[in-house]
Amino acid sequence: VEKLRLVKDENELLAIRQAQKITDQTFSHILKYIKPGVNEQEIALEMEYFIRKQGASGVAFEIIVASGKNSSLPHAKPTDKKLQKGDFITLDFGARFANYCSDMTRTVFLGNVNETQKNIYNIVLKAQEVALEYIKSGVLGKDVDREARIIIEKNGFGANFGHGLGHGVGIEIHEGPRLSPKGDIELLPNMVVTVEPGIYIKGYGGVR
């Protein structure tokens, strides 16, 4: 049945779009809560509360809020670490609506951004833009991954991008097709995928 689920029908797309609409609203909502002294767990709790208030049945997966050095961990769990000025803050979250998932990652900064942070952010953004432009019917998932990875490698951070570019989203938060070096499935209309390049620097921080 996994192969049948790769291509979504119109009702499935409607459910995913509504889940994503709630996710977009959650991002706009949480920005005003991001301030020095608030901890990661408090941010995650407010996000989950808001997601449910908007009509979602729940979160699509455990929310990631990772600030400062914690953002160097791709799958960090929210802690009692308080946000500080100068922090990278990575938010990875999604809603579940009518049994379908959404998935979105955003990295924001608290306070002033230094040149290193700005550089890393812009490289990741460029990699995402290149991948989004490349995606079309007939290309393989691994080819999309390659296009984004080339950008990150050219800028000297190839070793800091240690996961696949993206994955399918539907009834499960991780399903086919994969956008990764092992992604051999040809992309077709009405497949739904994430595009989430990242750079993670141990002991410093990361952007996804």
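Definitions and cut-offs
- Residues numbered from 1 in each chain as written.
- Predicted model: local features only at pLDDT ≥ 70, side-chain atom pairs only at ≥ 80, totals over all residues.
- Heavy atoms only, no water.
- Helix = DSSP H or I, 4+ residues; strand = E, 2+ residues; numbered from the N terminus.
- Rg over C-alpha atoms; globule rule 2.2 N^0.38 Å.
- Buried < 20%, exposed > 50% of the residue type's maximum accessible area, 1.4 Å probe, protein only.
- Contact = heavy atoms within 4.5 Å.
- Lys, Arg positive; Asp, Glu negative; His and termini not counted.
- Charge placed at Lys NZ, Arg CZ, Asp CG, Glu CD.
- Pairing = 2+ DSSP bridges.
- Axes fitted to C-alpha atoms, helices over the stretch in contact; angles between N-to-C directions.
- Salt bridge = Lys/Arg side-chain N within 4 Å of Asp/Glu carboxyl O.

1. A look at the overall build of the protein chain
For the protein chain, the count of helices and strands is four helices and 10 strands. The N-to-C order of helical and strand elements in the protein chain reads α-α-β-β-β-β-β-β-α-α-β-β-β-β. Against the 2.2 N^0.38 benchmark of 17 Å for 208 residues, the protein chain shows a C-alpha radius of gyration of 17 Å, consistent with a compact globule. Along the three orthogonal principal directions, the C-alpha set of the protein chain runs to about 45 × 45 × 20 Å. Across the 208 residues that make up the protein chain, the buried fraction comes to 48%. In the protein chain, the share of contacts with a sequence separation of at least 24, taken over all contacts with a separation of at least 6, comes to 68%. Computing the positive centroid from 27 side-chain charges and the negative centroid from 26, the protein chain places the two 4 Å apart.

2. A word on the sheet that holds strand β1 (residues 58–59)
Here we have three strands laid out as an open sheet, ordered β1-β4-β5, and antiparallel in their pairing. The open sheet has two edge strands with one neighbour each: β1 and β5 (100–101). With respect to the sheet, helix α1 (residues 10–30) is in contact with β4 (95–97) and β5, its orientation differing from that of β4 by roughly 145°.

3. Side note on the sheet that holds strand β6 (residues 104–109)
Strand order in this open sheet of three strands is β2-β3-β6, and the pairing throughout is antiparallel. Edge positions in the sheet fall to β2 (64–67) and β6, since each of these pairs with one other strand and no more. Within the sheet, the average angular offset between the axes of one strand and its neighbour, ignoring direction, is 10°. Of the strand pairs in this sheet, strand β3 (residues 88–93) and β6 are connected by six bridges, and their pairing is antiparallel. Bridge assignment links aspartate 92 to a residue of β6, and that residue is threonine 105. Packed on one face of the sheet, α1 meets β3 and β6 and runs near 15° to β6. Each of β2 and β3 touches helix α2 (residues 40–53); the most contacted strand, β2, lies at about 150° to it.

4. As for the pattern of salt bridges
All chains considered together, the criterion is met by 14 salt bridges. We note a salt bridge from lysine 77 to glutamate 62, for which the minimum N-O separation is 3.4 Å. Of this pair, lysine 77 sits in the loop between β2 and β3 while glutamate 62 sits in the loop between β1 and β2, and the two are 15 residues apart along the sequence. No difference in accessibility class separates lysine 77 from glutamate 62, as the two residues are exposed. Arginine 146 is the partner of glutamate 147 in a salt bridge, and the nearest nitrogen-oxygen pair spans 2.9 Å. With relative accessibility at 36%, the residue arginine 146 sits in the partly exposed group. Residues joined by salt bridges that share partners form a network here, namely Arg5, Lys8, Glu172 and Glu175.

5. Digging into unusual backbone geometry
Looking along the chain, the bond that leaves glycine 176 and enters proline 177 is cis, with omega of 0°. By secondary structure assignment, the location of proline 177 is in strand β8 (residues 175–179). The residue alanine 98 is not glycine, and still its phi comes out positive at about 50°. Tracing the backbone shows alanine 98 in the loop between β4 and β5. Accessibility expressed as a relative area gives 53% for alanine 98, which makes it exposed. If you check the backbone angles, asparagine 99 has positive phi at about 75° while not being a glycine.

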